[in-house]
Amino acid sequence: MNTQRNATLTVDGKTVELPVYSGSIGPDVIDIRQLYAKTGMFTFDPGFVSTAACKSEITYIDGDAGVLLYRGYPIEQLAHHCDFLEVAYLILRGELPNAEQKQEFDTLVKRHTMVHEQLIRFYTGFRRDAHPMAVLVGVVGALSAFYHDAMDISDQYHRDVSAFRLIAKMPTIVAMAYKYGRGEPFMYPRNDLTYTANFMHMMFATPCEKYEPNPVLVRALDRIFILHADHEQNASTSTVRLAGSSGANPFACISSGIACLWGPAHGGANEACLNMLEEIGDVSRVGEYIRRAKDKNDPFKLMGFGHRVYKNFDPRAKLMRETCHEVLNELGLHDDRLFKLAIQLEKIALEDDYFVEKKLYPNVDFYSGIVQRALGIPTQLFTGIFALARTVGWIAQWNEMIGDPEQKIGRPRQLFTGAQKRDVPPMARR
Ligand code: CMC
């Protein structure tokens, strides 16, 4: 972190100097850690729109230019040339693996895909119609009770073991949530398959029939995983960091990230977007929904549109649209009703003044639901797929935070607007 200059702040006639730091790219930051000590004031930034909560070397986003880099590599190049486990290695370790490192990493992940048999009991405690995200919050949190052997978070080796366990077991855990809801037997992982093909096997195979994953569809799902692997300090990642800042174990932290991701403003948007497209139903009703989205008195928002950071386009949405075409072509679904509707909705919204002025563009979740539905993934599991992929980012960010010597427990302050100190009135006293 580079400091060459100060920012000068004058409050009530008192001047304070605050250091300014530059990262490798992106906006500089003003270090306000001494602000309260020097002025007796806090900063106020609900939603953290101007606050850098940490330093990180993992992911960089330029929202105006539509740039997303994992460890410096553009998402477009990673999506076209790498597979998910290579990207996972990159996010965790900082560099792309060579052939030998890749083989070693793939083997290590594959060898940890099975879950403890007793974990099955957690599933049976849920109703069959439980939302898979509810199941994932519970089951991933429950992993904390299984791995006492590597729970010393100050030990880098223990942290690595937890990272492997989480990345390797998430596909199994997500597929089991699906199988449980359908009342079908759980499928054991197949270590001869790739990470993503194995996930499809655990989802769609049954003990009665052989299942051969279609390589085009495997590649599409693998791309979904790559596009969702990390995204800087978003709500769920910040949740994982905040939970981890108290020293909580990694499984509990990831479970808190899953809970945050579930919300429709975040990862739940892919499910909400597909439900919205189903509800709109026909191109003739697009105008009505665009009107509703623009109406200040209507809480309805166009799901899959808008982003806190991307203000020109979401590079992931472009790649997802490309994948959508590939999958629908492969499956002979070019005339898919919802896909046509999505294209029309996107076109109308992009020409509408409201969306243009507010810089609202399709985000990654706009097309990911259509792809996932075509792959046979049920709508309720879409956010679970997101959680599976984002586990890589969450655990890398958690690990980075724990290894940072400047790390402190997260503890925001507040602007208190409630009642001032007062006495319990005589009438209420006993
Ligand atoms: N439809 C209609 N109006 C919208 C939409 C939308 N999808 N998104 C934002 N706006 C309006 C919003 O009402 C506000 O209007 P005004 O200035 O009049 O108050 C303005 O645009 C700015 O929006 P904001 O809510 O203040 O922006 P934000 O940065 O706090 O929220 C967001 C970003 C993603 C939560 C929001 O755009 C949204 O709710 N989108 C729909 C949900 C969605 O698709 N989420 C997935 C995000 S990408 C996947 C992920 O990373 O999780």
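Model, not experiment: these values are computed from the prediction.

Conventions used here
Residues numbered from 1 in each chain as written. Predicted model: local features only at pLDDT ≥ 70, side-chain atom pairs only at ≥ 80, totals over all residues. Heavy atoms only, no water. 1 Å grid on protein atoms, 1.4 Å probe; cavity = no way out; pocket = protein on both sides within 12 Å on 5 of 7 lines; lining within 4 Å. Points joined across faces, edges and corners; volume = space filled by probe spheres on them. Helix = DSSP H or I, 4+ residues; strand = E, 2+ residues; numbered from the N terminus. Nonpolar A, V, L, I, M, F, W, Y, C, P; charged D, E, K, R; others polar. Buried < 20%, exposed > 50% of the residue type's maximum accessible area, 1.4 Å probe, protein only. Contact = heavy atoms within 4.5 Å. Polar contact = N/O pair within 3.5 Å; in protein donor to acceptor, adjacent residues only side chain to side chain. Near = heavy atom within 4 Å. Expected span 1.5 Å × (residues − 1). Pairing = 2+ DSSP bridges.

### So, empty space enclosed by the protein
Counted according to the given criterion, the structure contains two cavities of 30 Å³ or more. In this structure, the largest cavity spans a volume of roughly 40 Å³. Every residue lining the largest cavity is listed: Val109, Lys110, Thr113, Arg190, Asn191, Leu193, Thr194, Tyr195 and Asn198. Elements that contribute at least two residues to the lining of the largest cavity include exactly helix H4 (99–110) and helix H8 (195–204). Its residues assigned to classes, the lining of the largest cavity comprises three nonpolar, four polar and two charged. What the second largest cavity holds in volume is close to 30 Å³. Considering the residues around the second largest cavity, the lining is formed by Gly306, His307, Tyr310, Asp314, Tyr361, Pro362 and Asn363.

### Brief notes about the environment of Thr391
Counting through the fold element by element, Thr391 comes out in helix H18 (residues 382–402). Overall, the relative accessible area of 0% leaves Thr391 in the buried class. Sequence-wise, Thr391 and Gly257 are 134 residues apart; in three dimensions their C-alpha atoms are separated by 8.6 Å. In contact with Thr391, not counting residues within four places along its chain, are Leu166, Ile167, Met170 and Ile254.

### Thoughts on the side chain of Arg165
For Arg165, the position within the fold is in helix H7 (residues 156–182). Residue Arg165 is classed as buried on the basis of its relative accessible area of 12%. Separated by 3.0 Å, the side chains of Arg165 and Asp149 make a polar contact. Leaving out residues up to four positions away in the same chain, Arg165 has contacts with Tyr147, Asp149, Ala150 and Phe251.

### Concerning the site of the ligand
What surrounds the ligand is a group of 20 residues, the closest being His266, Lys296, Leu302, Gly304 and Arg308. Between the ligand and the protein, one listed contact pairs a nitrogen atom with a backbone N or O atom of Ala265 at 3.0 Å. Leu302 places a main-chain nitrogen or oxygen 2.7 Å from a nitrogen atom of the ligand. Among the residues making up the shell around the ligand, the classes are represented as nine nonpolar, six polar and five charged.

### Some thoughts on helix H9 (residues 215–228)
With 14 residues, H9 should cover 20 Å at 1.5 Å per step; its first-to-last C-alpha distance of 20 Å lies within 8% of that length. Of all 14 residues that make up H9, eleven are buried, and the element is covered over most of its length. Residues of H9 that are buried: Leu217, Val218, Ala220, Leu221, Asp222, Arg223, Ile224, Phe225, Ile226, Leu227 and His228. Its side-chain oxygen 2.7 Å from the backbone nitrogen of Val216, Asn214 forms the N-cap of H9.

### Re the pairing of strand E5 (residues 67–70)
As defined by bridge partners, strand E4 (residues 59–62) adjoins E5 across four bridges and the pair is classed as antiparallel. Within E5, the residue paired with Tyr60 across the bridge is Leu69. Between E4 and E5, which pair antiparallel one after the other, the connecting turn spans four residues, and Gly66 there sits at a positive phi close to 65°. Bridge count between E5 and strand E6 (residues 73–74): two bridges; the pairing is antiparallel. The partner of Leu69 across the bridge, within E6, is Pro74. Between the antiparallel neighbours E5 and E6 lie two residues, among them Arg71 with a positive phi of about 50°.

### Considerations on the sheet that holds E5
A sheet is described by the order of its strands in space; here three strands give the open sequence E4-E5-E6, paired in antiparallel fashion. Edge strands, defined here as strands with exactly one partner in the open sheet, are E4 and E6.

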